[in-house]
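Each chain is listed here by its residues.
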Amino acid sequence: MTDILYAKALVQVLRESVEHDDRVHLMGQYFLGLTHHREMMAEIRDNYPERVYYPPIAEVGYVGAAIGAAMAGLRPIVDIATASFIFQAFPQVVNEAANIYYMSGGKTKVPMVFHFNQGIRGGGAAQHSHSPQAMLWNTPGLEIIAPSTPADVLGLVRTAVASDNPTAWVDHIKLFDVTGPAPEDANYSIPFGVADVKRKGSDVTLVATSWMVQKTLAAAERLAEQGIDAEVVDPRTLVPLDETAILESVSKTRRLVVADECHRRCGVAAEIVAIVAEEAFGDLAAPIRRVTADDVPVPFSPPLEEYIEPTEDKIVAAALSVTS
Amino acid sequence: MTDILYAKALVQVLRESVEHDDRVHLMGQYFLGLTHHREMMAEIRDNYPERVYYPPIAEVGYVGAAIGAAMAGLRPIVDIATASFIFQAFPQVVNEAANIYYMSGGKTKVPMVFHFNQGIRGGGAAQHSHSPQAMLWNTPGLEIIAPSTPADVLGLVRTAVASDNPTAWVDHIKLFDVTGPAPEDANYSIPFGVADVKRKGSDVTLVATSWMVQKTLAAAERLAEQGIDAEVVDPRTLVPLDETAILESVSKTRRLVVADECHRRCGVAAEIVAIVAEEAFGDLAAPIRRVTADDVPVPFSPPLEEYIEPTEDKIVAAALSVTS
Amino acid sequence: MLPDLPGDQLVEQLRLMLVIRRFEEALIKLAADRDIGHFHVYIGQEATGVPALSLLRDGDFTFTTHRNHGHILARGADPARMLAEILGKETGYNRGKGGTLHIASLEHGFPTTSAATGGCIPLATGAAFAFDRRGVDNVSVCLLGDGALEEGSWHESVNIAALESLPIIYLCENNSLEALGQKAGEYPSSTMAAAPLTDLASIYKMPAIAIDGTDSAEVYTTMKTAVERARAGEGPTFIEARTVRWPGNRPLWPQLLTGETDVAMMWDDDAIPAEHAAWHRTNDGLLTFGRLLLADGHTIASQIGEIDAAVTKLAEDAVQFALDSPYPAPEEALADVFA
Amino acid sequence: MLPDLPGDQLVEQLRLMLVIRRFEEALIKLAADRDIGHFHVYIGQEATGVPALSLLRDGDFTFTTHRNHGHILARGADPARMLAEILGKETGYNRGKGGTLHIASLEHGFPTTSAATGGCIPLATGAAFAFDRRGVDNVSVCLLGDGALEEGSWHESVNIAALESLPIIYLCENNSLEALGQKAGEYPSSTMAAAPLTDLASIYKMPAIAIDGTDSAEVYTTMKTAVERARAGEGPTFIEARTVRWPGNRPLWPQLLTGETDVAMMWDDDAIPAEHAAWHRTNDGLLTFGRLLLADGHTIASQIGEIDAAVTKLAEDAVQFALDSPYPAPEEALADVFA
Ligand SMILES: Cc1ncc(C[n+]2csc(CCOP(=O)(O)OP(=O)(O)O)c2C)c(N)n1
Ligand SMILES: Cc1ncc(C[n+]2csc(CCOP(=O)(O)OP(=O)(O)O)c2C)c(N)n1
Ligand SMILES: [Mg+2]
Ligand SMILES: [Mg+2]
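Summarised in this report is the structure supplied together with it. It should be emphasised that the depicted structure is a prediction, and the values quoted were computed from it without experimental measurement. (Residues numbered from 1 in each chain as written. Chains lettered and ligands numbered in written order. Predicted model: local features only at pLDDT ≥ 70, side-chain atom pairs only at ≥ 80, totals over all residues. Heavy atoms only, no water.)

### Side note on the site of ligand 1
The immediate surroundings of ligand 1 are formed by 18 residues, with E59(B), H66(C), R67(C), G147(C) and N175(C) found nearest. A distance of 2.9 Å separates a nitrogen atom of ligand 1 from a polar backbone atom of A115(C). One of the side-chain nitrogen or oxygen atoms of N175(C) is found 2.8 Å away from an oxygen atom of ligand 1. Alone, ligand 1 offers 580 Å² of accessible surface; in the complex the protein occludes 93% of this. Class assignment for the residues of the shell around ligand 1 results in six nonpolar, seven polar and five charged. (Near = heavy atom within 4 Å. Polar contact = N/O pair within 3.5 Å; in protein donor to acceptor, adjacent residues only side chain to side chain. Areas by Shrake-Rupley, 256 points an atom, 1.4 Å probe, with all protein chains shown as cover. Nonpolar A, V, L, I, M, F, W, Y, C, P; charged D, E, K, R; others polar.)

Structure follows, in structure tokens:
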């Protein structure tokens, strides 16, 4: 295990996927968004120029083409860049890719990955800050991964590329700068549906995904200073979801806070709360709390953006409110 | 109050809207889908031909045009026909209409209504059976109405047409055949954010929306036969939501079942459960139950479709499970 | 004119056209008796689909629409399993999960069928992308209605196909010419400012050809050139096949206004009823095809009669098979969400 | 050539072009000092926007894109409130909620600005629909980049505008001709098989004209015809204004590679630095416009100098105003979701 940058791990797993399997093609190229890391993609572009496709600004066209290509023998990893642009591709993602295998009676496979950079990024304003994962979770037929560390992006993307199903790879631009240990074993992969307890604790369960895992871990340290021992559970994949891990943690701590960057109404946090309210009602000793983006379009101005964001402070406050 | 068919009430309110306000234009014309009621639309088409626009098969184009028209002095009621086609228009509905007023700093209004027929309709299969209201609820900036009776469609649509905000009108083809009393007062309208207790009861709260209200009322009758007195709460508008009415009912019955036709994960039911789990934790005497569509694409075959649908039977069973 | 093919292959094409015709007629009759929901039939377009798709081979992919029955039958699908699917039966091609809108059969090169207008276009383009990148000489055929050209997915996809020189044929069946449906207050179609429709492809620098979709020779020859071009890596082609809308073709509730087709109309003018005579005489590509076969001596009336009897039986058996087949077990609804 | 307008109006157009130039320069300098996020500048396209939008009047609507600053300033917006918006301040046009991507000012006819590529096209078409149905003679102007023509929303909307004969002008600023960004591994643009781009409009049966976007007379005359046509109810027009991409125009991080524009380059060839001489001599529409004004005697060097000093001060004051302005109160974030 050596420490590695998330952005580097991302490029590494893309490069290896292209290297090891002829069928893997990258369609779109803004995997690292327009961050200063983006030039790292050159290593793939330059070594495998015929495996990287630069589409027109035509999301329903090229994302749909990736779906068609998956049925015809490729394993595309299609990049949608800013998650907000997935709406342009929704007819193909939601109404084609998700349905094909089922609709065909279990015959036609769609082995592919949709990558996008979601969330409140600093100045993205209303049209470039979406977290579409709740909408995708409301769409049966899509697997969903949400890595939060360099090791997880390596391990989850390897599994996603090997999967025979369309898999949405929820990524967050703010993660690119995170450094962490990553296994060097080229065969290391993370099975879908296995949550990771990123911090053990006994007083309160904090469930978080993607970039919010990083914020929640920081919040947990601050809670520790106040004598509260928080457990941080990262589901890592929303579909399939490791309900057991969440329920076990809640049965131990009897308290739950869910931190998630989707808008609140019908967001990812709503679903996790609903599962616990249905399945672990008797275990709870306090109301559940959601820490999410407020239900307003994301504003541009920095203080406004920060006001509506789910922050470390808000996670700490929520955890305190259910433990005191 | 005379009894009137839902389909008739729908046409009546559309016709009156066109009649009373020059700015109202219908864009698209499948308000009654392709049901046998559809010819009732002729009364508007024939009397106000210049107020009904027949668009090409171009959802992002004409739905977006309705949004543009709303900013420029019309009050369009745009029909998307089958709800599944709203995905084609998502870039405009989710990333334009919902954001414009906020993004402009509270200056530019978008007074319009989006109509669509959602849900499991019998043979719609995976691509024509969507219930997109959860996704729309996850999109701040849209008002959402979901009438369930002839009176409600009259009263809610009147308010929607008068509203200065973009409003999604969630409709369900199966409602068209429902008959019920409707006020004859032409000024009758229903304020947004006021739930309707469609049946008073004390043993269990059943929250339901749109077509599920009808099924839930039938389920409540069956529960009554078994000695269980169910209260049926119809929020009528999801945005704004009358949380108080739901919480008050739950504080009385201490039991909650939510019936909704969205897919389960991150659906409308998840949100209502989450609200109650957060706000009324202490009031609950039993786990909450969701009755929703199962998380599979909607299958074509009749017995399969029925198997995954939220049915009257399933509502009864869920209510029994939390009351016994 | 007839496609330039040996007589036996032409007779086989006639047989396939008749399979489609008798299948759709059987379906309409079945629907008159019971509520099987809505569906769209291919009657009147057989002379486009059969010759065009006869040029495909194993590994080629075809993407079709809500109006898919004829296309899939033209590639040799089993009418019984087709009808079973339409009735939602376990024995159907999709084991009941797809229904009429989504019939898929990988063995016949139909991986998925989208009933979202324009939905098939990016998918078909992507399959061609895969063939190109894999370096195989398979082709992708995108069958679309004229209405689908109104969708943005058309513009975005055709641009990609042109830029990447993909092995795809966009075969647009323009059946709007007698837009009965429009008059009846149903789907308006061809709400398109661009005319001719070939402009919608030629501007992207690809061959774009309008042909008479009831002229099987024209269909065959044009498609042959397009398929060869695609296999040779020379890029996409757009073909607009113009057909005359069959009088019974209500968009959702087709009716046998013209009656069941009497093959004797191929050789016996007296068999043509006065009502819809123009349709039978000049617009029905299937009848025209039969007449040409007869005129060129590739077949005789009695052989056509025999073929027709056989395929009529096939269609009847298909109905029986579909009716007799069981529904899938309800809990099957939860299976096959993921591979 | 110069637009056929009185001298004072031409001088005012020069002033507006300089407002834009100095504004964008000030912004780039400001961004060098502090992280204000990314933005897109209009430098090099002033000779398109200013004459084109000078033809609009009250009640007309303009829809622009991520590259909106120049357009809104051309219609008379206050540079101070523009810059305040770009910094997210309470005094900005959108009270900080929009930022550079979404500047909106109803007073100047900009109801909303979409930064989704192609997002403005249906909206602009819809505004024209409203003008048409309301029977007023206002027009809607849809400003779009060449890249936006790759989106399906283009095709769907232009078809609607053509069919309904809507009062709209699609003014496409093609700035891809020196696609520096593409080489630098940033946004590839103009990934379009159709060429010329006017084909993408003319097939829908509307006038579609390609012009030199640095030739203010051509811009003015073409736009005048289009606006008159639209006001008269004669339908839409497409104009492709070709500009040469300004050397400093990195898509997201523009740099003052060509330095701050020295207006003396209009009359003193020695003021032109060797590096980027071609740019300054022939490609920069603003300098060309100034030279023509001088040649035709509509102004003199000293007047240009005075105007430039005034607008430079305006830009400096705008920066100061923006910096001095307060941010909105954080809890303002929750306001104005609904009217
Ligand atoms: C995205 C979308 N919009 C609208 C529809 C409704 N619809 C079903 S068939 C049809 C007409 C299609 O016309 P065309 O493509 O010419 O096919 P045809 O039925 O004429 O063969 C329409 C609009 C749909 N299925 N999908
Ligand atoms: C739907 C969507 N896809 C992609 C983007 C990312 N993007 C922002 S600007 C841009 C280039 C646009 O090119 P063009 O329209 O020519 O405008 P220019 O910047 O050249 O003026 C792209 C692709 C976006 N904003 N929206
Ligand atoms: Mg058609
Ligand atoms: Mg450009």
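Here the narrative resumes, following the displayed structure.
### Section: the relation of the copies chain B and chain A
If you rotate chain B by 180° and push it 0.0 Å along the axis, it lands on chain A with an RMSD of 0.0 Å. As the rotation angle and translation indicate, the two copies are arranged about a two-fold axis. Comparing interface residues between copies, 100% of those in chain B also sit at the interface in chain A, which points to an isologous, same-surface contact. (Least-squares fit on C-alpha atoms with pLDDT ≥ 70 in both. Contact = heavy atoms within 4.5 Å.)

### Observations concerning the coordination of the magnesium ion (ligand 3)
Only D146(C) (OD) and N175(C) (OD1) from the protein reach the magnesium ion (ligand 3) as donors, at distances of 2.1 Å. With D146(C) in the loop between strand 2 (140-145) and helix 6 (152-164) and N175(C) in the loop between strand 3 (168-174) and helix 7 (180-183), this residue pair connects regions lying 29 residues apart in the sequence. (Donors = N, O, S within 2.8 Å, 3.2 Å for Na, K, Ca; no water. Helix = DSSP H or I, 4+ residues; strand = E, 2+ residues; numbered from the N terminus.)

### Looking at the side chain of N117(A)
All names here are of chain A. Looking at where N117 falls in the secondary structure, it is placed in strand 5 (residues 112-118). Look at N117 and you get buried, because its relative accessible area is 2%. Polar contacts involving the side chain of N117 include one to the main-chain carbonyl oxygen of F31, which spans 3.4 Å. The contact partners of N117, leaving out residues within four places of it in the chain, are Y30, F31, L32, G33, A81, T82, A83, D171, H172, I173 and F176. (Buried < 20%, exposed > 50% of the residue type's maximum accessible area, 1.4 Å probe, protein only.)

### Digging into the packing of helix 5 (residues 120-134) of chain C against helix 6 of chain C
Residues and elements named next belong to chain C. Between helix 5 and helix 6, the least distance of the axes is 9 Å, while the angle of their chain directions is 15°. With respect to helix 6, the element helix 5 is oriented roughly parallel. Here helix 5 and helix 6 pass one another in a crossing that is left-handed. In this structure, helix 5 uses I121, P122, T125 and R133 to contact helix 6, whose residues at the interface are S153, W154, S157, I160, A161 and E164. For the contact of helix 5 with helix 6, a count of residues per class yields five nonpolar, three polar and two charged. (Axes fitted to C-alpha atoms, helices over the stretch in contact; angles between N-to-C directions. Parallel < 35°, antiparallel > 145°, perpendicular 65-115°, else oblique. Left-handed = near helix turned anticlockwise from the far one by under 90°.)

### Focus on the packing of helix 1 (residues 7-33) of chain D against helix 12 (residues 301-324) of chain D
Helix-helix packing: each pair is described by the crossing angle between the helix axes and the interaxial distance. All names here are of chain D. Contact geometry of helix 1 with helix 12 gives a least axis separation of 9 Å together with a crossing angle of 40°. Looking at the two axes, helix 1 sits oblique to helix 12. By crossing handedness, the relation of helix 1 to helix 12 is classed as right-handed. For the pair helix 1 and helix 12, contact is made by V11, L14, R15, L18, V19, R22, F23, A26 and L30 and by Q303, I304, I307, D308, V311, T312, L314, A315, V319 and L323, respectively.

Any link to function would need more than the numbers given here.
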